[in-house]
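Chain by chain, the residues:
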Amino acid sequence: MSDVRVRFAPSPTGLLHIGGARTALFNWLYARHVGGKFVLRVEDTDQSRNTQEAVDVIFRGMRWLGLDWDEGPDGKGGTQGERGPYFQSQRGSIYAKHLEKLQATGKTYEDGGALKFKMPKTPCVVKDMVCGDVTFDRTVEPDLVIRRKDGSPVFHFVNVVDDLEMGITHVIRGEDHLSNTQKHIALYEALGVTPPQYAHIPLILNQSGSKMSKRDDGAALGFYEDAGYLPAAVRNYLCLLGWSPGANEEVLDIHEIVKRFELKDLNRSNARFDAAKLFWINGEYWRAMADSEFAEFAKTYLAKHRPTAASLSESLRDGLLRVIREKIRTGKELAEWMDPYLTEDYSYSPEARKKQFSNPDAGKLLHGLEQGFAALDGDLTDAAAEMICKKVAEDAALPKPAKVIHLLRAAVSGHTVGPSLFPLLTVLGKKTVVARLGRTRSLFDSGKLGEAT
RNA sequence: GGCGCUGUCGUCUAGAGGCCUAGGACAGGUCCCUUUCAAGGACCAUACACGGGUUCGAAUCCCGUCAGCGCCA
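Remember, it's a predicted structure, so these values are computed and weren't measured experimentally.

**As for the overall build of chain A**
Within chain A, the regular secondary structure consists of 18 helices and 13 strands. For chain A, the share of sequence-separated contacts (at least 6 apart) that also reach a separation of at least 24 residues comes to 74%. In the structure as shown, chain A presents an accessible area of about 21,300 Å², 51% of it carried by carbon and sulfur atoms. When the 60 basic and 60 acidic side-chain charges of chain A are each reduced to a single mean position, those positions are 2 Å apart.

Structure follows, in C-alpha cells:
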C-alpha cells in the first residue's frame, strides 16, 4: 500500500481518445505498481456535449481495457470514494469556495467582467518526473483569466482545485500540458497548497507526425473494439508507446508490466501510432488465446456483428470458427470469413469470377466434383475430399489437382481465399458441399458467373 | 511570434563514456515451407539530424545550428 493517488480526468466528447486511453493506462499502471489509488474524474463542464452516452463511452472504454478505478463514478449511476462528486458539473460550490479563497488573497482582479489571477513574474521550475527540471522564465507571462465573463471558472482553475481537493499526489498527463504546469503551480501556491508531483508523458502522434486528434483514423478506442481487436493486445501495444520493458521483449503479460512499470523509464519523445504493429501484436494474442477464451470472444463478437450466426448448428459454427481462426487475427476478419456460410445464397467475389468461373472447362469440372461428392460413401473426410479432387483432375486429364482444388474453393465459398479447404469441406459436411456445388454448377451453366455480373 | 519539449533504421524502441564495425520488434525485400490465405523458418536492406567542443575514447557529456512537435498569444 502507498498513499499515492493518481487520476484520469477525461471529458465526455463522445469517444475515448487513444491518447487519453494511454494516459489512463499509465496512471493505472503507476497506481497498481505502487499500490496507490486510481481516481476517475469526469470533466463534463461543456454542457453542450455532456450526454449520458458520451460518459458511458468513457466507462466502456476503461472497462474494455481492464483499467479499473478505485474512486469515481461507478459507471452504474453510483459513486465510489469519499472525495466526490466526481463529475465537475456537480462541483460548482467547491469552485466558488476556492474562488473566494483566492480573491481573499488579493491576487485577483476584475477585468472587463472576467476575473483574472495575477501571475507571478518570477521564474518557475517544474520538477517533472519524466522531463526533469523545466524552467519557465515568466517575466512576460500574462495574467490568467480564472473566471469568464459568464461566470464559469476556467479549465486550469477547476483542474487545480479538483486535484487538490481529491488529494492527488501525482499528476500524470500528456506533455501538451507541460507549458501550462507553471500556471497550475502558481495557483497551488496562491492557495497555500503544495503542488503534486508531475509526470508529463510523450504524445501519441498520427501518421503525419502531429498530435493524434479525434479526426484521425483509429483515434477512438471504440474503433478497435468494433474491429474485434483483443483488449489485452491493444493495452500491450499502448504500453509500448513511450515505455519499454527494456531488453528485447514486447509481448508481455499485464501483471509483468505492472511489476516493471516505473515513471523514470518513460520516454521523452513523442511516438507515432503504428497501426501495423498493433495488428501484429493482436495476432500474437489471437493465437495465444485459450480455446475457451476464443469461443467466448467469438460468441460475443458475432452476436453483435453477425446475429444470424446464432442460427447455425453448434457443431457447424464451432467447426467453422476452428478452421477460420488460424487464418486471421481480428473479430472483423472472423465475421467476414464467416459470411459465406451464413446463407446458402452466398455471393461470388470478382476474383473468383475472374480466376475460376471464366474458364470454359469449369462447367465440366464442377459436374465432376458434384458427382464425386454425391457418390461418396460414408462421411466426408479430408482424405476422401482429396481423393475426389485427384480423380476429377485425372478424368479431365489435368496433371495436377491444383486447378480443381481452387475451383472447388470458389464453388463452395464464393471466394478464392479462405480456410484450409479439406478441413472446411469436412466441417460443412457432404450434404452442404454437394448442394453448394449444385448451386454453383447451375449458375455457371446458365451463364451467371461471368466477370460482368 | 514568444516560451517549452524532443531529435538512434520508414515506425516503436535498446542503449546512461569503452561491451556498438549500434541490438530487438513491426513494416519492406529474397528464399524455404505451403494445392488459397495465414502461421513458421532462413537471409537481406536501412539509423546515432548537422557542426563544433570535452575526453585516451561519445549515440551517450557541453555548446551552437537545423528540424519536428506542443503550449500561449
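Picking up after the structure, the text goes on.
**So, the protein's contact with RNA strand B**
Lining the immediate environment of RNA strand B, one finds 45 residues, of which Glu 250, Arg 268, Lys 327, Arg 329 and Ile 405 sit closest. Restricting attention to atoms of RNA strand B within 4 Å of the protein, one finds that 75% of them are sugar or phosphate atoms. Taking Glu 175, its side chain carries an N or O atom lying 3.1 Å from a sugar or linking oxygen of RNA strand B. Take Lys 327: an N or O atom from its side chain is 2.4 Å from a base nitrogen of RNA strand B.

**Quick word on the nonpolar core**
Residues Leu 29, Leu 238, Phe 273, Phe 373 and Leu 425 are the most contacted members of the largest nonpolar core, which totals 143 residues. With nine residues, the top contributor of residues to this core is helix 1 (residues 18-34). Ignoring anything within four residues of it in the chain, the contact list for Phe 273 reads Ile 18, Ile 204, Leu 205, Gln 207, Met 212, Tyr 224, Tyr 237, Leu 238, Leu 241 and Leu 278.

**Side note on the confidence of the model for chain A**
Mean pLDDT for chain A: 93, with 99% of residues reaching 70 or above. Among the scores for the predicted complex, ipTM is 0.95 and pTM is 0.94.

**Describing the environment of Leu 241**
Following the sequence through the fold, Leu 241 ends up in the loop between helix 7 (231-239) and helix 8 (254-260). Judged by relative accessible area, which is 6%, Leu 241 ranks as buried.

**What to know about the side chain of Asn 206**
As for its position among the elements, Asn 206 is in the loop between strand 12 (204-205) and helix 6 (221-226). Taking the relative accessible area as the measure of exposure, Asn 206 reaches 8% and is therefore buried. Among the polar contacts made by the side chain of Asn 206, one reaches the main-chain amide nitrogen of Ser 208 at a distance of 3.0 Å.

**What to know about helix 17 (residues 421-428)**
Burial analysis of helix 17 places six of its eight residues in the buried class, which makes it a mostly covered element. By the burial criterion, the buried members of helix 17 are Leu 421, Phe 422, Leu 424, Leu 425, Val 427 and Leu 428. Buried residues along helix 17 sit against helix 11 (314-325), helix 14 (362-374), helix 15 (382-395), helix 16 (402-413) and helix 18 (430-445). At the exit of helix 17 stands Gly 429, carrying a positive phi of roughly 90 degrees.

**Considering the pattern of salt bridges**
Two side chains carrying opposite charge are able to pair once their charged atoms lie near each other. Under the criterion given, the structure shown has 31 salt bridges. We note a salt bridge from Glu 43 to Arg 41, for which the minimum N-O separation is 3.2 Å. Its salt-bridge partner being Arg 441, residue Glu 370 comes within 2.7 Å of it at the nearest N-O pair. A residue pair is termed long-range when its members are at least 10 positions apart, and Glu 370 in helix 14 and Arg 441 in helix 18 qualify at 71 residues. Taken together, the shared-partner salt bridges in this structure form one network comprising Arg 7, Arg 41, Glu 43, Arg 91, Asp 162 and Asp 163.

**Digging into helix 10 (residues 291-305)**
Here helix 10 is 15 residues long and its end C-alpha atoms lie 20 Å apart, about the 21 Å a rise of 1.5 Å per residue gives. For helix 10, the full list of buried residues reads Phe 294, Phe 297, Ala 298, Tyr 301 and Leu 302. Down the axis of helix 10, the smallest arc covering the buried residues is 120 degrees, so these residues share one side. The exposed set on the far side of helix 10, more than 90 degrees from its buried face, consists of Ser 292, Lys 299, Ala 303 and Lys 304. Contact partners of the buried residues in helix 10: helix 6, helix 9 (275-288), helix 11 and helix 12 (331-338).

**Considerations on unusual backbone geometry**
Residue Ala 397 is not a glycine yet carries a positive backbone phi of 65 degrees. The residue Ala 397 is located in the loop between helix 15 and helix 16 in this model. For Ala 397, a relative accessible area of 64% translates into the label exposed.

**Section: the environment of Ala 298**
Residue position: Ala 298 is located in helix 10. Taking relative accessible area as the criterion, Ala 298 reaches 0% and is therefore assigned buried. Spatially, the C-alpha atom of Ala 298 lies 54 Å from that of Leu 191, the residues being 107 residues apart in sequence. Apart from the residues within four sequence positions on either side, Ala 298 is in contact with Leu 321 and Leu 334.

**A look at the domain arrangement of chain A**
Structurally, chain A comprises domain 1 (5-100 + 155-203), domain 2 (221-287), domain 3 (289-341) and domain 4 (350-445). Computed over C-alpha atoms only, the centres of domain 1 and domain 2 are separated by 23 Å. Both sides of the domain 1 and domain 2 interface together cover about 2,200 Å² of buried area, and 71% of this is carbon and sulfur. Our enumeration of links across domain 1 and domain 2 arrives at one salt bridge. Among the salt bridges present, the one from Glu 225 reaches Arg 60, with a minimum N-O distance of 2.6 Å.

**Re the sheet that holds strand 6 (residues 114-117)**
The sheet built from three strands is open, its strands ordered 5-6-9 with antiparallel pairing. Of all strands in the sheet, those with a lone pairing partner are strand 5 (108-111) and strand 9 (144-147), marking the two edges. Taking the axes of each pair of neighbouring strands and ignoring which way they run, one obtains an average angle of 45 degrees across the sheet. The pairing of strand 5 with strand 6 spans four bridges and is antiparallel. Residue pairing in the sheet places Thr 108 in a bridge with Phe 117 of strand 6. Sheet contacts for helix 3 (residues 92-104): strand 5, strand 6 and strand 9; angle to strand 9, the most-contacted strand, approximately 135 degrees.

Conventions we followed
- Residues numbered from 1 in each chain as written.
- Chains lettered and ligands numbered in written order.
- Predicted model: local features only at pLDDT ≥ 70, side-chain atom pairs only at ≥ 80, totals over all residues.
- Heavy atoms only, no water.
- Helix = DSSP H or I, 4+ residues; strand = E, 2+ residues; numbered from the N terminus.
- Contact = heavy atoms within 4.5 Å.
- Areas by Shrake-Rupley, 256 points an atom, 1.4 Å probe, with all protein chains shown as cover.
- Lys, Arg positive; Asp, Glu negative; His and termini not counted.
- Charge placed at Lys NZ, Arg CZ, Asp CG, Glu CD.
- Near = heavy atom within 4 Å.
- Polar contact = N/O pair within 3.5 Å; in protein donor to acceptor, adjacent residues only side chain to side chain.
- Core = buried A, V, L, I, M, F, W, Y, C linked by side-chain atoms within 4.5 Å.
- Buried < 20%, exposed > 50% of the residue type's maximum accessible area, 1.4 Å probe, protein only.
- pLDDT = per-residue confidence, 0-100.
- Salt bridge = Lys/Arg side-chain N within 4 Å of Asp/Glu carboxyl O.
- Expected span 1.5 Å × (residues − 1).
- Arc of directions from axis to C-beta.
- Domains from an automatic or database assignment.
- Buried area = accessible area lost by both parts, 1.4 Å probe.
- Pairing = 2+ DSSP bridges.
- Axes fitted to C-alpha atoms, helices over the stretch in contact; angles between N-to-C directions.

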